[in-house]
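An overview of the molecular structure
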Amino acid sequence: NNEIDFDDEDDELLLKSVNECEAEVTKNSTKAQFPLTSGDGQIVPLQKFRHGYLWVSDLSSQSWCEQQMFYKFTIPGVIEENPAMTKGTDLHLARELAAHDVVQVQVTSNEDIWAIKVLNLLTAINAFQFGQTIAREVPIFGVPFKEEDIFVVGLIDELRFDPENYTIDLSELKTRTSRMNPSKAITKQHKIQVMLYKRLFDNLVKGTLSKNTIAKHLRLDLNKEFGDQIVKHLEEKTIIKKNLNDLMDHVFEKMQSLTCINQLHVEYVYQGTAETLSHVTHQYDEGEIKTLYLDYLKFWKGERSPIGVEIEEAWKCQRCDFESICEWRTKKSEECAQRNIQKNHLE
Ligand code: SF4
């Protein structure tokens, strides 16, 4: 299957890999406060499946098939890790390790975990300020559009800094099992992903994200002291900060010295040989991403049921692990059959 995005759900996995967290901190303690329930009192998908905040990859996979994404949450175990997924992860990791070292830091709280994410962002900023031109696996987060107070987290594969023109370009790595060009549907999915990354990154550069917003959504205590390992790690980097309050002030101020993302690229790499097949450049369209994003949120807020693919994209169903149990597909097939009967009747 050449259209499955083997890299799409790697965000969380890679972030852990970057951080090498030795201690697992209960996810329940990161639950955000709102929105918790829909109008009919049901726990909304945002809370039920995602602990109160979304990943960029959640939103981009919605563009492929929202129903499929829903099934992945509700019927776990159907999609198992396969060699192509492992290969995709390995290729990402190899690129990351070519750009920087990975160190193990023990965490003891959610505040520690977020300290590492913020620190990984700082590493990218510092890399550019100290003459490097490439930063990889850069955490990004925030509220994409103020119309909806929803927090979104992501991990940018690569940022490229051009010191001469003072520009930053973004490049997302996607691996493929064949040499064929990606379809329109998968290209759209990747465009959504890189546009959301740009929006989140630019918001930080413009200073529109406050530390209190982060604390509110992730239920973090900005004044909680970091664990010993984090403090030690920060001191080794000559950063004397004891809590998120101080660390975020430091990092967000530095972010504002950067520039917004200029160009958005997706690089397609053939898994068999690790060679680059093509580069696709996407034009950022704020109207387009905002409209899609606000529509996708309706599902997460429990305002509508998941939507499957339309009849024109029924080819996606033939490659779907949930084809045999998909109620959306059954409903659409019946509607289609009914239309054909009526058409034949009229003729
Ligand atoms: Fe989506 Fe089709 Fe799979 Fe149903 S069968 S989840 S509509 S891709």
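Residues numbered from 1 in each chain as written. Predicted model: local features only at pLDDT ≥ 70, side-chain atom pairs only at ≥ 80, totals over all residues. Heavy atoms only, no water.

1. Quick look at the overall build of the protein chain
To be explicit about the condition: Numbering goes from the N terminus for both helices and strands, where a helix is a DSSP run of H or I of at least four residues and a strand is a run of E of at least two. For the exposure calls, accessible area comes from a 1.4 Å probe over protein chains only, and a residue counts as buried if that area is under 20% of its type's maximum, exposed if over 50%, partly exposed in between. Computed with the Shrake-Rupley method and a 1.4 Å probe, the accessible areas treat only the protein chains shown as cover for residues.
Helix and strand counts for the protein chain stand at 13 helices and six strands. A burial count over the protein chain gives 51% of its 347 residues as buried. Total accessible area computed for the protein chain in this model is approximately 16,600 Å², and 48% of it derives from carbon and sulfur atoms.

2. A closer look at the packing of aromatic side chains
The description of an aromatic ring pair rests on the distance of the ring centres and on the angle between the ring planes. Using the following cut-off: Here the aromatic set is Phe, Tyr and Trp, taking the six-membered ring for Trp, and pairing holds for ring centres within 6.5 Å; pairs whose planes are under 30 degrees apart are stacked, those over 60 apart are edge-to-face, and all others are tilted. Note on geometry: a ring has a charge over it if NZ (lysine) or CZ (arginine) is within 6 Å of the ring centre and within 35 degrees of the ring normal.
Summed over the entire model, instances satisfying the criterion amount to 15 aromatic pairs. Aromatic pair Phe 145 and Tyr 293: ring centres 5.7 Å apart, planes at 50 degrees, arrangement tilted. Here the residue Phe 145 occupies a position in the loop between β2 (134-142) and β3 (152-162), and Tyr 293 occupies one in helix α11 (residues 286-300), the gap between them amounting to 148 residues. Phe 145 sits in the buried class, given a relative accessible area of 1%. Here a set of aromatic residues connected by ring pairs shows up, and it is made of Phe 49, Phe 70, Tyr 71, Phe 73, Phe 299, Trp 300 and Phe 322. The aromatic ring of Trp 114 is capped on one face by Lys 117, whose charged end is 4.4 Å from the ring centroid.

3. Remarks on the state of the cysteines
Our working rule: Counting rule for disulfides: a pair of cysteine sulfur atoms within 2.5 Å.
Using the criterion set out here, one finds zero disulfides in the structure. Note on Cys 336: no disulfide assigned, nearest cysteine sulfur contributed by Cys 317 at a separation of 12 Å. Judged by relative accessible area, which is 23%, Cys 336 ranks as partly exposed.

4. Thoughts on the pattern of salt bridges
Our working rule: Salt bridge, as applied in this entry: a Lys or Arg side-chain nitrogen positioned within 4 Å of an Asp or Glu carboxyl oxygen.
Taken as a whole and judged by the stated rule, the model has 19 salt bridges. For the salt bridge of Lys 198 with Asp 202, the shortest nitrogen-to-oxygen distance reads 2.7 Å. In this pair, Lys 198 and Asp 202 are both assigned in helix α7 (residues 184-205), four residues apart and thus about one turn of the helix distant. With relative accessibility at 6%, the residue Asp 202 sits in the buried group.

5. A word on the packing of α7 against α11
Under the convention used in this document: To get an axis, a line is fitted to the C-alpha atoms, and for a helix only the part in contact is used. The angle between two axes follows their N-to-C directions and goes from 0 to 180 degrees. Working definition: roughly parallel below 35 degrees, roughly antiparallel above 145 degrees, roughly perpendicular at 65 to 115 degrees, and oblique for all remaining angles. Contacts are assigned to residue pairs that have any heavy atoms within 4.5 Å of one another. Ten residues, namely Ala, Val, Leu, Ile, Met, Phe, Trp, Tyr, Cys and Pro, are considered nonpolar, four, namely Asp, Glu, Lys and Arg, are considered charged, and the remaining ones, Gly among them, are considered polar.
Running from N to C, α7 and α11 cross one another at 100 degrees; their axes reach a closest spacing of 10 Å. What the angle tells us is that α7 and α11 run roughly perpendicular. Counted together, Lys 188, Lys 191, Ile 192, Met 195, Leu 196 and Arg 199 of α7 and Glu 286, Glu 288, Ile 289, Leu 292, Tyr 293 and Tyr 296 of α11 form the full contact between these two elements. Split into classes, the residues belonging to the contact of α7 with α11 amount to seven nonpolar, no polar and five charged.

6. Structural notes on the site of the ligand
What counts here: Consider each residue's heavy atoms; a residue with any of them within 4 Å of a molecule or strand counts as near.
Close contacts around the ligand come from Cys 65, Gln 67, Gln 68, Tyr 71, Gly 308, Val 309, Cys 317, Cys 320, Glu 323, Cys 326, Trp 328 and Arg 329, and that covers them all. Elements supplying a minimum of two residues to the shell around the ligand: α4 (66-74) and α13 (327-346). Broken down by element, the shell around the ligand gets its largest block of residues, three residues, from α4. Grouping the amino acids of the shell around the ligand by side-chain chemistry returns seven nonpolar, three polar and two charged.

7. Description of the pairing of β3
The side chains of a regular strand alternate between both faces of the sheet. The cut-off we apply is this: We treat two strands as partners when DSSP finds at least two bridges between them.
Of all eleven residues in β3, nine are buried, a share of seventy percent or more. Of the strand pairs in this sheet, strand β1 (residues 54-55) and β3 are connected by two bridges, and their pairing is parallel. From the neighbouring strand, Trp 55 faces β3, where its bridge partner is Val 153. Across eight bridges, the pairing between β2 and β3 is antiparallel.

8. Quick notes on the side chain of His 282
Residue placement: His 282 occurs in strand β6 (residues 276-282). Classification of His 282 as buried rests on a relative accessible area of 9%. Once residues within four sequence positions are removed from consideration, His 282 is found in contact with Thr 187, Lys 191, Val 194, Leu 264 and Val 266.

9. Things to note about the nonpolar core
The following threshold applies: The criterion is simple. A nonpolar core is a set of buried Ala, Val, Leu, Ile, Met, Phe, Trp, Tyr and Cys residues joined through side-chain atoms within 4.5 Å.
Ranked by size, the top nonpolar core spans 75 residues in total, and within it Phe 141, Phe 151 and Phe 201 carry the most contacts. In terms of residue count, helix α6 (residues 110-129) provides more of this core than any other element does, eleven residues in total. Setting aside its immediate chain neighbours within four residues, Phe 151 contacts Tyr 53, Leu 54, Trp 114, Phe 141, Gly 142, Val 143, Leu 209, Ile 214, His 217 and Leu 218. Formed by six residues, the second largest nonpolar core is a distinct cluster that contains Cys 65, Ala 185, Val 309 and Cys 317.

10. Considerations on the packing of α6 against helix α10 (residues 244-255)
Basically, it comes down to this: Crossing handedness follows the turn of the near helix against the far one: under a right angle anticlockwise gives a left-handed crossing, and clockwise gives a right-handed one.
Between α6 and α10, whose axes approach to 10 Å, the crossing angle comes to 25 degrees. As far as their axial angle goes, α10 and α6 are roughly parallel. The way α6 lies across α10 gives a crossing that is left-handed. Side by side, α6 and α10 meet where Glu 111, Trp 114, Ala 115, Val 118, Leu 121, Leu 122, Ile 125, Asn 126 and Gln 129 of the first sit next to Leu 244, Leu 247, Met 248, His 250, Val 251, Lys 254 and Met 255 of the second.

11. Overview of unusual backbone geometry
Residues other than glycine seldom take positive phi values, yet Arg 219 does so here, at roughly 50 degrees. Mapping Arg 219 onto the fold places it in the loop between α8 (211-218) and α9 (228-236). The phi dihedral of Ala 274 falls on the positive side, at around 65 degrees, and the residue is not glycine. With respect to the secondary-structure elements, Ala 274 resides in the loop between β5 (261-270) and β6.

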